[in-house]
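# Examination of the molecular architecture
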Amino acid sequence: MTLLVVFLLAGLIVGYQQWLPDRWAKLPGIITTGGLFALLFLMGMQIGSSSVVIQEIFVYGGQAFVLAAGAVVGSTAAVWAAVRLAGLGGSGDDDA
Amino acid sequence: MVTMTLKIILLVVLGAVIGLALPMQDLTVLDGLISTALCLLLFGVGLSLGRDRHLFSSMRSLGRVVLVVPVGVAAGSIIGASLAGFVLGLPLNESAAIGAGFGWYSLSAVLISRVYAVEVGALAFLSNVLRELVALAIIPWIAIRFGYLAAVAPGGATAMDVTLPIIAKSTDSKTTLVAFVTGVLLSLAVPVLVPLLIGLGGG
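Values in this document were obtained by computation on a predicted structure and should not be read as measured data. (Residues numbered from 1 in each chain as written. Chains lettered and ligands numbered in written order. Predicted model: local features only at pLDDT ≥ 70, side-chain atom pairs only at ≥ 80, totals over all residues. Heavy atoms only, no water.)

## A word on the overall build of chain A
What chain A contains, in helices and strands, is 3 helices and 0 strands. Counting helices and strands in the order they occur from the N terminus, chain A gives α-α-α. Compactness check: chain A gives a C-alpha radius of gyration of 20 Å against a globular reference of 12 Å for 96 residues, more than 25% above the reference. Looking at chain A residue by residue over its 96 residues, the buried ones come to 43%. Roughly 5,100 Å² of accessible area belongs to chain A as shown, and the carbon and sulfur atoms make up 70% of that amount. (Helix = DSSP H or I, 4+ residues; strand = E, 2+ residues; numbered from the N terminus. Rg over C-alpha atoms; globule rule 2.2 N^0.38 Å. Buried < 20%, exposed > 50% of the residue type's maximum accessible area, 1.4 Å probe, protein only. Areas by Shrake-Rupley, 256 points an atom, 1.4 Å probe, with all protein chains shown as cover.)

## Section: the nonpolar core
Where a protein is soluble and globular, its nonpolar side chains tend to be buried together. If you look at the biggest cluster of nonpolar residues, it comprises 86 residues, and the most contacted ones within it are Leu39(A), Val69(B), Phe102(B) and Ile112(B). A total of 13 residues in this core trace back to one element, the largest contributor, which is helix H7 (residues 118-146) of chain B. (Core = buried A, V, L, I, M, F, W, Y, C linked by side-chain atoms within 4.5 Å.)

## Looking at the environment of Tyr16(A)
In this structure, Tyr16(A) sits in helix H1 (residues 2-16). In this structure Tyr16(A) comes out as partly exposed when scored by relative accessible area, which is 38%. Residues Tyr16(A) and Leu40(A) lie 24 residues apart in sequence; the distance between their C-alpha atoms is 28 Å. In this view, Tyr16(A) contacts Gly50(B), Arg51(B), Arg53(B) and Phe56(B); residues no more than four positions away in its chain are not counted. (Contact = heavy atoms within 4.5 Å.)

## Topic: the interface of chain B and chain A
On the chain A side, the residues contacting the 85 residues of chain B number 64 residues. Both sides of the chain B and chain A interface together cover about 6,900 Å² of buried area, and 79% of this is carbon and sulfur. The tally of links between chain B and chain A comes to 0 salt bridges. Counting the contacts that link chain B with chain A gives 10 residue pairs in polar contact (both at pLDDT 80 or more). Mapped by element, the contributors of at least two residues to the side of chain B that touches chain A are helix H1 (2-21), helix H2 (27-51), helix H3 (53-58), helix H4 (65-88), helix H5 (92-99), H7 and helix H8 (164-170) of chain B. With 20 residues, the top contributor of residues to the side of chain B that touches chain A is H2(B). Looking at the side of chain B that touches chain A, its residues break down into 59 nonpolar, 14 polar and 12 charged. (Buried area = accessible area lost by both parts, 1.4 Å probe. Salt bridge = Lys/Arg side-chain N within 4 Å of Asp/Glu carboxyl O. Polar contact = N/O pair within 3.5 Å; in protein donor to acceptor, adjacent residues only side chain to side chain. Nonpolar A, V, L, I, M, F, W, Y, C, P; charged D, E, K, R; others polar.)

## Details of the packing of H1(A) against H2(B)
Between H1(A) and H2(B), whose axes approach to 6 Å, the crossing angle comes to 35°. Relative to H2(B), the crossing made by H1(A) is right-handed. In this structure, H1(A) uses Leu3(A), Leu4(A), Phe7(A), Leu8(A), Ala10(A), Gly11(A), Leu12(A), Val14(A), Gly15(A) and Tyr16(A) to contact H2(B), whose residues at the interface are Leu38(B), Cys39(B), Leu42(B), Phe43(B), Val45(B), Gly46(B), Leu47(B), Leu49(B), Gly50(B) and Arg51(B). Of the residues assigned to the contact of H1(A) with H2(B), the class counts are 15 nonpolar, 4 polar and 1 charged. (Axes fitted to C-alpha atoms, helices over the stretch in contact; angles between N-to-C directions. Left-handed = near helix turned anticlockwise from the far one by under 90°.)

## Side note on the packing of aromatic side chains
All names here are of chain B. The full count for this structure, using the stated rule, is 2 aromatic pairs over all chains. The interplanar angle of 85° and the centroid separation of 5.4 Å between the aromatic rings of Tyr-105 and Phe-125 together place this pair among those described as edge-to-face. Taken as a pair, Tyr-105 in helix H6 (residues 105-115) and Phe-125 in helix H7 lie far apart in primary sequence, 20 residues in all. We classify Tyr-105 as partly exposed; its relative accessible area is 23%. Its end group placed over the ring of Phe-146, Arg-145 keeps NZ or CZ at 5.2 Å from the ring centre. (Phe/Tyr/Trp six-rings, centres within 6.5 Å; stacked < 30°, edge-to-face > 60°. Lys NZ or Arg CZ within 6 Å of the ring centre and 35° of its normal.)

## Describing unusual backbone geometry
If you check the backbone angles, Gln18(A) has positive phi at about 55° while not being a glycine. If you trace the backbone, Gln18(A) turns up in the loop between H1 and helix H2 (27-49). Positive phi, normally seen in glycine, also occurs at Phe102(B), with a value near 50°. Summarising the element assignment, Phe102(B) is placed in the loop between H5 and H6.

## Some details on a nonpolar patch on the surface
Residues and elements named next belong to chain A. The grouping of Leu-3, Val-6 and Phe-7 at the surface amounts to a nonpolar patch, some 260 Å² of accessible area in total. Tracing the backbone shows Leu-3 in helix H1. Looking at Leu-3, the relative accessible area reads 52%, which means it is exposed. (Patch = residues over 30% accessible without salt bridge, like charges linked within 9 Å, V, L, I, M, F, W, Y side chains within 5 Å.)

## A few points about the confidence of the model for chain A
Chain-level statistics for chain A give a pLDDT mean of 84 and a share of 91% at 70 or above. For chain A, per-element mean pLDDT is lowest for H2(A), which scores 85, and highest for helix H3 (residues 51-85) of chain A, which scores 91. (pLDDT = per-residue confidence, 0-100.)

## Quick notes on the side chain of Ser82(B)
For Ser82(B), the position within the fold is in helix H4. Ignoring sequence-local partners within four residues, the contact set of Ser82(B) consists of Leu92(B), Ser95(B) and Ala96(B).

Structure (C-alpha cells):
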C-alpha cells in the first residue's frame, strides 16, 4: 500500500513539475491504458490459477455474488442520493 | 464506455481461462507482476493528475465531497449487503461484516476467519473478490448513467488502487482525487468495522 502511494505521489510530482518533455505528452495515457489492460489480464490469470478461489466459486459462488451485488448497488445508490441531497453535483453528475 | 466494460470483462475472462488451462504453480510471480503493473498504473494516474493545472485550484472546492462520498459508500455497502444477506437467510452480523470488507478481500476474510468462523471468512473473501470484479466491469457505465461521484462507490476500498485507473479513465481529475481519498478512508475503516459488525452476533 505504501509503495502504491509512493508511485502515485511520484507521478503527481513529475506531472506537476512538468518534468515530462512535451513530446512525451501521450505517455500518461499509454501507461494507464496499457497498464490497465495488463492488470486486468493478470488478475484473471490469478483467479484462474488459484485452486482455492475456483473451489470456493462452486461452494459459495451464488451467495457471494448476491452479497457483492447488494454492496455494489447499495453503495452506488447511497452516494447517488447523498450527492443530490447535499447538493454536491458537479461535472458528470447530471442525470443521464 | 460500454465497449470499455466489454473489454474489461473479456480481458479478465481471457486471463482466467488461460490461468485455468495453464495454472501457475508459483502464484508469487503473478503477485509480483500485478504489483508492478499497479505501481506503473498509479504512476501514470499521478502523472495525469499532476499535469492538470485546474485540479489543484479546484481542490479547495472539494470540501464536503471528500466526507460525503466515503460515508455514503460505507453505509450503502453495509446496508446493501445486509439486505442481500436477509434475502439469502444469512445472520445480519455476517452479511453486514462481509459488506464492510469494501472489496478488500484479503483483510476482511482474515479478520472474520480469525474472530468468527472460517466458512464465513471464505464467503467474505469470495464476495469481496467478486465485488472488485463487478466494480471493474460496471464503473464506466455507472459514470455515464449515475454521475462521476457515484462511479467511485462500487470499488469501495479499492478506489485507491485497483479500480482507480478505471475511475480515472471514466471520470475526471477531481473525481479521481475524491476516489483516492475515499479508498484510503475506507481502507482505514475495514479493520475497525469488520470485527465490530461480526461481533454483534456474539460469535
